[in-house]
Structure formats: structure tokens, C-alpha cells
Amino acid sequence: MSDSLTLKPIGFIRTGKRVKFQALHQPAEGEVETNVLELLPGLNFEQALQDLAGFERVWLLWWFHRNETWRPLVMPPRGPARRRGVFATRSPHRPNPLGMTPVRLLGVKGRTLVLGACDLVDGTPVFDVKPYVPAYDSFPGAKAGWIEEVDTVVNAPALFTVDFSEQAELQARWLRETHGVDFTARLVELLSRDPTPHRTRRIRKRKSGAFEIGCGAWRAEFAVGGQAVTVRALETGYPLRFLTREGYEDIPDRDAQMAFLARWPEILPTGDDEKRLKAE
Ligand SMILES: C[S@@+](CC[C@H](N)C(=O)[O-])C[C@H]1O[C@@H](n2cnc3c(N)ncnc32)[C@H](O)[C@@H]1O
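Remember, it's a predicted structure, so these values are computed and weren't measured experimentally.

1. Brief notes about the overall build of the protein
Looking only at helices and strands, the protein features eight helices and 13 strands. Projected onto the principal axes, the alpha-carbon positions of the protein cover approximately 60 × 45 × 40 Å. Pairs at least 24 residues apart make up 69% of the contacts formed inside the protein by residues separated by at least 6 positions. Surface summary for the protein: the accessible area is close to 16,400 Å², and the carbon and sulfur share equals 55%. Between the centroid of the 39 positive side chains of the protein and the centroid of its 36 negative side chains there is a distance of 5 Å.

Next up, the structure:
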């Protein structure tokens, strides 16, 4: 038997999420979202979809096509900065980067599946669709190892207070009032839980000694003293040379980021942006 197998996608999903950080870690039930999976033509997939419409949910089996590497130990985004064996996680960095997601099935029309919330980026290749069968696929009482421990920590009251400097307040107000952008609630939520450096949570220590955190398409610089976090300044997630680059027109909040940089020009050099943005 050959040591490699060839799989061909049955289709590519359209989710409108261009960058990885726009996709959720797992689909959230509360999210009102419509995604479309159009299966490829000429392969009798219309027939293959027969009888699926009666299922409320389907499994999507897909490929983390934006990842090129895998790691035996990975750092999950939630909980303490601790590495776990990749097979004990849902990390995208796997030897065979296969993803599996249960999604709500909203409709089937010809070769097209209309789906609810999912965690796939736009254009992700999908290899298979299977019905979700509660009697086979659901074991609500099953133990969930380290995830149960982490849930206890994550659900505990926040440990850090978060304040904004005058500059950060001004920037937040400006973004809200001129562009309707407001990521401060998410920022406070992330920092109040745990502001320590963490690769997957996009928290890093800068050469200057200050810290930075990525929050969607934006960033913030902050300092920590005891249990108090001070957000010093808000920043764009992308440097100007990316925002103006051809092919990057659909970066989230692109116009707001360009206007922000016109108002608060970036401080160059911006370090290893290429590497960081590829990872995100
Ligand atoms: C934590 S994984 C879980 C995926 C799946 N539900 C599973 O358990 O196998 C979800 C994350 O994968 C990333 N992602 C989504 N589509 C991807 C793709 N095509 N290539 C690489 N990463 C992707 C996004 O950052 C998303 O938040």
C-alpha cells in the first residue's frame, strides 16, 4: 500500500472570512451567520445530496489549507500558556491538517448547501459532508480532559483590572465616532483574564519592554503592574505597506486602519510584520 493517498475536494466554502482571526475557534451557536458550500459541477453531487435536507446539522470534513507546518506540541488559545499534544487538541497545526465542524444545515438546493455558523475561512477546501446524528455523535457526559480544567479557570472571575491611557481613550472614541469600530470590550475581556505573553492569544513582549496584543484587525500596546493592566495606545493590525498592497483590498476595517494611520502615523520599523501576519 502506498504511503500517501490522494483526496480531491468536493467543493470550496464561501464564508467571507478572509483572515484566520476572523473565524471562530469553534462555531458559536449564538452567531447568526449564513455560509455557502457549492459542490463542484459534473460529478453527480446533486444526487449525492439527496435525502440530506431532513438533517438539522451536518459534519464538514475539510483541510486547513492555509497552514504549511505542524507541531507535536501546540499552545491552545484558552487557559494557561501550556503546550499540549496536538492530538489532544483541535489545533489547525496537525500532521494531516483535517478539520471537522458540525454546522447547522439551513437548506439544500441543487449542488448548494446553505449553512449556519462555522469556523472555516473563505475558500477552504471541503472533502466530505456527513449527517450529524445525535444518537451516534453526541455523548454529553463524556470527560473532556484538560479542557475541563481550563474551563474552570476561564469561567472564574477576571483577575486583572484594565484601564485606558488618555491617548488610548481618545483613539477608541475617535474610531467609534468616525468609523463605527469598537474592539475595546473584547480587548478588556482578553486582558482582564490573562495578559501574559501567549502565541495563540497574540500577546507578545516588545523589545521596548511593553506588551502588545492582537485583537481582530487591530492591536494595542499595554503595560502590566501587579494585577493592573494599562492600555497605552491602540494601533492598526496591519502596517501601511500592507494596507495599500494590491490583493489586500478586503483586509477587515481597511479604510478605518488607513484613516487611523493618517491620524496617528505608525512608528517604524514595525519588526517582523510579514511573519506575524502570515501566522494570523
Ligand atoms: C481551532 S480550529 C477548529 C476547526 C474544527 N472545528 C476542528 O475542530 O477540527 C478553527 C480555526 O482554524 C483556523 N482556520 C479556519 N480555516 C482555516 C484554513 N482553511 N486554513 C488554516 N486555518 C484555518 C481559524 O483560525 C479558526 O479559528
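2. Observations concerning the sheet that holds strand β9 (residues 161-164)
Reading across the sheet, the five strands line up as β9-β13-β12-β11-β10 and stay open at both edges, with mixed pairing between neighbours. Two strands lie at the open edges of the sheet, namely β9 and β10 (203-205), each paired on one side alone. Across the sheet, the mean angle from the axis of one strand to that of its neighbour is 30°, orientation sign disregarded. Alignment of strand β11 (residues 211-215) against strand β12 (residues 218-225), held across five bridges, turns out to be antiparallel. In the sheet register, isoleucine 213 faces β12, and the bridge partner there is alanine 220.

3. A closer look at unusual backbone geometry
Phi at asparagine 44 takes a positive value of approximately 65°, unusual for a residue other than glycine. The topology assignment puts asparagine 44 in the loop between β2 (35-39) and α1 (45-48). Taking relative accessible area as the criterion, asparagine 44 reaches 52% and is therefore assigned exposed. Even without being glycine, arginine 202 reaches a positive phi, approximately 60°. One can find arginine 202 in the loop between α5 (184-193) and β10. The buried category is assigned to arginine 202, whose relative accessible area is 12%.

4. Examining the site of the ligand
Around the ligand, 20 residues are found, and the nearest of them are Leu24, Gln26, His65, Arg90 and Asp119. Between the ligand and arginine 66, the relevant distance is 3.1 Å, taken from a nitrogen atom to a main-chain nitrogen or oxygen of the residue. In isolation the ligand exposes 600 Å². Once the protein is present, 94% of that is buried. Residues belonging to the shell around the ligand are distributed by class as follows: nine nonpolar, seven polar and four charged.

5. With respect to the pairing of strand β8 (residues 125-131)
For strand β1 (residues 11-14) and β8, the ladder comprises two bridges, and the chain directions are antiparallel. Directly across from phenylalanine 12, in β8, lies its bridge partner proline 125. Pairing of strand β3 (residues 57-63) with β8, which is carried by five bridges, proceeds in the antiparallel orientation. Residue tryptophan 62 lies in a different strand from β8, and its bridge partner there is valine 126.

6. Some details on the domain arrangement of the protein
Split into domains, the protein comes out as domain 1 (11-152) and domain 2 (161-279). Once you take the C-alpha centre of each, domain 1 and domain 2 turn out to be 28 Å apart. Each partner contributes to the interface: domain 1 provides 14 residues, whereas domain 2 provides 15 residues. Across the interface of domain 1 and domain 2, roughly 1,100 Å² is buried in total on both sides, 47% from carbon and sulfur atoms. At the boundary of domain 1 and domain 2, one finds three residue pairs in polar contact (both at pLDDT 80 or more). Split into classes, the residues belonging to the side of domain 1 that touches domain 2 amount to seven nonpolar, two polar and five charged.

7. Brief notes about helix α4 (residues 166-179)
Over its 14 residues, α4 runs 19 Å from end to end, which matches the ideal 20 Å to within 8%, given 1.5 Å per residue. Within the sequence span of α4, burial applies to Ala168, Gln171, Ala172, Trp174 and Leu175. One face of α4 carries all of its buried residues, which in axial projection span an arc of 160°. Exposed residues lying more than 90 degrees from the buried face of α4 are Glu166 and Glu177. On its buried face, α4 is in contact with β9, α5, β12, β13 (228-236) and α7 (254-263). Where α4 terminates, the next one or two residues include glycine 180, which has phi positive at roughly 65°.

Thresholds applied
- Think of each chain on its own: its residues are numbered from 1, step by step along the sequence as written.
- In keeping with the predicted nature of the model, local features appear solely for residues at pLDDT of at least 70, side-chain atom pairs appear and are counted solely at 80 or more, and the whole-chain, interface and lining totals rest on all residues.
- By convention in this description, side-chain values take in all heavy atoms of the structure and omit both hydrogens and water.
- Labels follow the DSSP assignment, with helices taken as runs of H or I lasting at least four residues and strands as runs of E lasting at least two, numbered in each case from the N terminus.
- Between two residues, a contact is recorded if the distance between any of their heavy atoms is within 4.5 Å.
- Per-residue and other accessible areas were derived by the Shrake-Rupley procedure at a 1.4 Å probe size, with only the shown protein chains allowed to occlude residues.
- All tallies of charge rest on Lys and Arg as positive and Asp and Glu as negative; His and the ends of each chain are not included.
- The location of each charge is read from NZ of Lys, CZ of Arg, CG of Asp or CD of Glu.
- Should DSSP find at least two bridges between two strands, the strands are taken to pair.
- To obtain each axis, a line is fitted to C-alpha atoms, and for helices this fit is confined to the stretch in contact; angles are then taken between N-to-C directions over 0 to 180 degrees.
- The rule is simple: take the accessible area with a 1.4 Å probe, protein chains only, and divide by the maximum for that residue type; under 20% is buried, over 50% is exposed, in between is partly exposed.
- Nearness here has a simple test: a residue counts as near a molecule or strand if at least one of its heavy atoms is within 4 Å of that partner.
- Under this definition, polar contacts are N or O atom pairs within 3.5 Å; protein pairs additionally need one hydrogen-donor-capable and one acceptor-capable atom, and for neighbouring residues in sequence, both atoms have to be side-chain atoms.
- Following the grouping adopted for this structure description, the nonpolar residues are Ala, Val, Leu, Ile, Met, Phe, Trp, Tyr, Cys and Pro, the charged ones are Asp, Glu, Lys and Arg, and the polar ones are all others, Gly among them.
- Marked domain ranges trace back to an automatic or database domain assignment.
- When two parts are put together, the accessible area they lose, computed with a 1.4 Å probe and summed over both, is reported as buried area.
- One less than the number of residues in a helix, times 1.5 Å, gives the span that helix is expected to have.
- This arc corresponds to the set of directions leading from the helix axis out to the C-beta atoms.

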